[in-house]
Amino acid sequence: QGGQSQNQEVTAVPPSNVSFMPPVVPGGQPVEIVPSDYGRGVSLAEARANITFDSIQKLVFVMVGVMLMSYCAVSPRTLPLVEYNLRFKENLQTVSLVLIAPLVTSLSVFDAKESDINQVISTFTSSFTLGYVMCFMLEVVWTTMLRLGV
């Protein structure tokens, strides 16, 4: 070998004696990939993504917030209690109808094999809290600018 180079044939397909390292999950156990699993979808339960207490707490916070805002959004405030509760239920129905399209879109692109459900919930609650507050503040600023401009 001393200074001589050997010509080796380069192929695009690795030889059959080459072994590949299987992917490793955060727990440290290697995951065996079965060729029959490639075309099959993975459910949330099969992806080993457990919803944590923190995520459940965030979802409950969002639901309570929506209910509280729906109750406060009833107009006029001087309605009798029965009529006020009927308007509150109408507000909740409207909110639930508004949630159908984003929920269907989110579930259609969610891949349990690639995504962590807790991270998705965290992103949703962050956008819910910060997004709505920012929209409200921008509406106040925009309305003020329009009023001062007139």
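See the structure printed just above.
Quick caveat: nothing in here was measured; it's all calculated off a predicted structure.

Undergrad: How should I be thinking about the overall build of the protein chain in this particular structure?
TA: When its secondary structure is counted, the protein chain shows three helices and zero strands. Mapped from its N terminus to its C terminus, the protein chain presents α and β elements in the order α-α-α. A burial count over the protein chain gives 11% of its 150 residues as buried. Restricting to contacts in the protein chain with at least 6 residues of sequence separation, those with at least 24 account for 52%. Per element, the accessible surface of the protein chain, about 12900 Å² overall, is 65% carbon and sulfur.

Undergrad: Is there a simple way to explain the packing of helix α1 (residues 53-72) against helix α3 (residues 117-149) in this structure?
TA: Packed helices, taken two at a time, are described by the angle their axes make and the gap between the axes. The geometry of α1 relative to α3 is characterised by a closest axis approach of 9 Å and an angle of 30 degrees between their N-to-C directions. By the angle between their directions, the pair α1 and α3 is classed as roughly parallel. In this structure, α1 crosses over α3, and the sense of that crossing is left-handed. Each of S55, K58, L59, F61, V62, V66 and M69 in α1 lies in contact with α3, whose residues at this interface are N118, I121, S122, F124, T125, F128 and T129. Classifying every residue of the contact of α1 with α3 by side-chain character gives eight nonpolar, five polar and one charged.

Definitions and cut-offs
Residues numbered from 1 in each chain as written. Predicted model: local features only at pLDDT ≥ 70, side-chain atom pairs only at ≥ 80, totals over all residues. Heavy atoms only, no water. Helix = DSSP H or I, 4+ residues; strand = E, 2+ residues; numbered from the N terminus. Buried < 20%, exposed > 50% of the residue type's maximum accessible area, 1.4 Å probe, protein only. Contact = heavy atoms within 4.5 Å. Areas by Shrake-Rupley, 256 points an atom, 1.4 Å probe, with all protein chains shown as cover. Axes fitted to C-alpha atoms, helices over the stretch in contact; angles between N-to-C directions. Parallel < 35°, antiparallel > 145°, perpendicular 65-115°, else oblique. Left-handed = near helix turned anticlockwise from the far one by under 90°. Nonpolar A, V, L, I, M, F, W, Y, C, P; charged D, E, K, R; others polar.

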